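# Residue-level structural notes
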Amino acid sequence: MVLESGKITVEGVARLRDRVGSFNRPRQYGVGLFNESASQDSIRHFCQGIGDTNPLYWDKSYAQTTKFGTIIAPACFLYSVYWCSGRTGGLPGVHGFHAGNDWEWFRPIYLDDRISVQEQFTGLEEKESEFAGHILIQSSVTTYRNQRGEVLAKTRGWQIRAERDAAKERRKYSFEPYSYSRKEIEAIQEAVLAEEIRGNNPRWFEDVQVGDDMTPVVKGPMSHGDIAAFVAGCIGGISHGIQLKEMLRHPSWGFTDPSTGAQEAIIRVHDIQEAAESAGLPGAYDYGCQRCCWMGHLLTNWAGDDGFVKKMYVELRRFNVVGDTTWCKGKVLAKREEGGEQLVDLEIWGENQREEITTKGSATIRLPSKLAVW
């Protein structure tokens, strides 16, 4: 199974530089946005895809008792509208790896909000790496608005562009499937079941202390089914004639499986081992936005119904392959009052079963105050 490989050329980089500052047409798989409406079904499907059971997002009767009066969507639901990863096109056949996002949210996403997206290509940087030699880092800024034109959120997303052949030759990342002991599996299951959804029990600003640990959100061991569920709820896909037309327009966007003759989209590096290896990767791995959504899940669990996630910064540092387990963790760094808001600053990170940090970041959450109640 071989993926068509492109090259980073002087001419290609120059063409990309000429586009810096331009606005893209945000599309998933070349056919438009995925979830343009925050319907009850689309919110539920998104939550199913990331394993979030918070009743504020699922249960209308419960949600009616909250300050919102209705179901809302999790902050990271916006990934399911448009996956903002610094994608800007160009350089066909040069692989793109989602490397991170820097989010700021301004208002809740209410049930049945209709969401529009604007994306601007904002940056292009050339670097040398151990992974694939000469690489590019592309970035863009994406703005999400509701049907009233109100800004819901903005994010800067960035991705690494690398030549597949160069990554394959260097083989920086080796893959040895992890063998869990029975005790380890039991500990993981126990941690998954110990997840705390703060919900309608307010987390008061006054009760938070610097150094407090967040209850981890644990994802894993990650299966192909976990990835498929995420795709169904957050990314979607195209098939048959729609996919064929897209491949004819962009030949380097896909490949043909020599064992079956079936044409596959390049995105199948996330669930086909051989496809991942052909791109110089250790194995089928999670979507970058999938792991960002897990970090968002950690934050909304901790904030409770009366808290609001204002900012989240996430760097994707290592590959998270099928079979890995991620502990999404966090710690309170500081608390402050600013502009009449009670804010808590957090350090957040993802850690795998090998105790490697795969994800690093920070966040800011607005919490309710006991003083405001009195």
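Residues numbered from 1 in each chain as written. Predicted model: local features only at pLDDT ≥ 70, side-chain atom pairs only at ≥ 80, totals over all residues. Heavy atoms only, no water.

Ordered in space as S1-S5-S6-S7-S3-S11-S14-S13-S12-S8, the 10 strands form an open sheet in which the pairing is antiparallel. The sheet is open, and its two edges are formed by strand S1 (23-24) and strand S8 (217-219), each paired on a single side. Pairing of strand S3 (residues 94-105) with strand S7 (residues 151-163), which is carried by 11 bridges, proceeds in the antiparallel orientation. Paired with asparagine 101 across the two strands is glycine 157, which belongs to S7. (Pairing = 2+ DSSP bridges. Helix = DSSP H or I, 4+ residues; strand = E, 2+ residues; numbered from the N terminus.)

Another aspect to go through is the nonpolar core. Counting residues in each nonpolar core, the largest one holds 83 residues, and the members touching the most others are Leu78, Tyr79, Trp105, Tyr144, Leu346 and Ile348. Within the second largest apolar cluster, eight residues are counted, among which are Ile8, Val13, Leu91 and Phe121. (Core = buried A, V, L, I, M, F, W, Y, C linked by side-chain atoms within 4.5 Å. Buried < 20%, exposed > 50% of the residue type's maximum accessible area, 1.4 Å probe, protein only.)

When we look at burial in helix H8 (residues 224-235), the residues that qualify are Ile227, Phe230, Val231, Gly233, Cys234 and Ile235. In this structure, the buried side of H8 is in contact with helix H2 (40-50), helix H5 (78-81) and helix H11 (288-303). N-capping of H8 is provided by serine 223, with a side-chain oxygen placed 3.2 Å from the backbone N of glycine 225. Where H8 ends, the next residue or the one after it, glycine 236, has phi of about 75°, a positive value. (Contact = heavy atoms within 4.5 Å. Polar contact = N/O pair within 3.5 Å; in protein donor to acceptor, adjacent residues only side chain to side chain.)

Counted by the stated rule, this structure contains 11 aromatic pairs. Here phenylalanine 68 and tyrosine 110 contribute two aromatic rings whose centre-to-centre distance is 6.1 Å and whose plane-to-plane angle is 70°, an arrangement assigned as edge-to-face. Taken together, the residues phenylalanine 68 in the loop between helix H4 (60-63) and strand S2 (72-73) and tyrosine 110 in strand S4 (residues 109-110) connect sequence positions 42 residues apart. On the basis of relative accessible area, phenylalanine 68 is assigned to the buried category, the value being 14%. You can call tyrosine 110 partly exposed: its relative accessible area is 29%. (Phe/Tyr/Trp six-rings, centres within 6.5 Å; stacked < 30°, edge-to-face > 60°.)

Under the defined criterion, the tally for this structure stands at 18 salt bridges. Notably, a salt bridge pairs arginine 291 with aspartate 286, separated by 2.8 Å at the nearest N-O pair. Assessed through its relative accessible area of 1%, aspartate 286 is described here as buried. Salt-bridge contacts for arginine 336 lead to glutamate 338; the nearest nitrogen and oxygen are separated by 2.7 Å. The exposure class assigned to arginine 336 is partly exposed, which follows from its relative accessible area of 27%. What makes glutamate 338 partly exposed here is its relative accessible area of 46%. Among the ionic contacts, a cluster of salt bridges with common partners joins Arg107, Arg148 and Glu150. (Salt bridge = Lys/Arg side-chain N within 4 Å of Asp/Glu carboxyl O.)

At a minimum axis distance of 7 Å, the contact between H2 and H8 shows a crossing angle of 160°. If you check the angle between H2 and H8, you find them roughly antiparallel. Crossing handedness for the pair H2 and H8: left-handed. Here His45, Phe46, Gly49 and Ile50 of H2 come into contact with H8, specifically with Asp226, Ala229, Phe230, Gly233 and Cys234. Broken down by class, the residue content of the contact of H2 with H8 amounts to five nonpolar, three polar and one charged. (Axes fitted to C-alpha atoms, helices over the stretch in contact; angles between N-to-C directions. Parallel < 35°, antiparallel > 145°, perpendicular 65-115°, else oblique. Left-handed = near helix turned anticlockwise from the far one by under 90°. Nonpolar A, V, L, I, M, F, W, Y, C, P; charged D, E, K, R; others polar.)

Moving on, we get to the side chain of serine 80. For serine 80, the location among the structural elements is in helix H5. Judged by its relative accessible area of 0%, serine 80 falls in the buried class. In this structure the side chain of serine 80 is engaged in a polar contact, spanning 3.0 Å, whose partner is the side chain of asparagine 35. Sequence-distant contacts of serine 80, that is, excluding residues within four places in its chain, are made with Phe34, Asn35, Phe46, Gly233 and Cys234.

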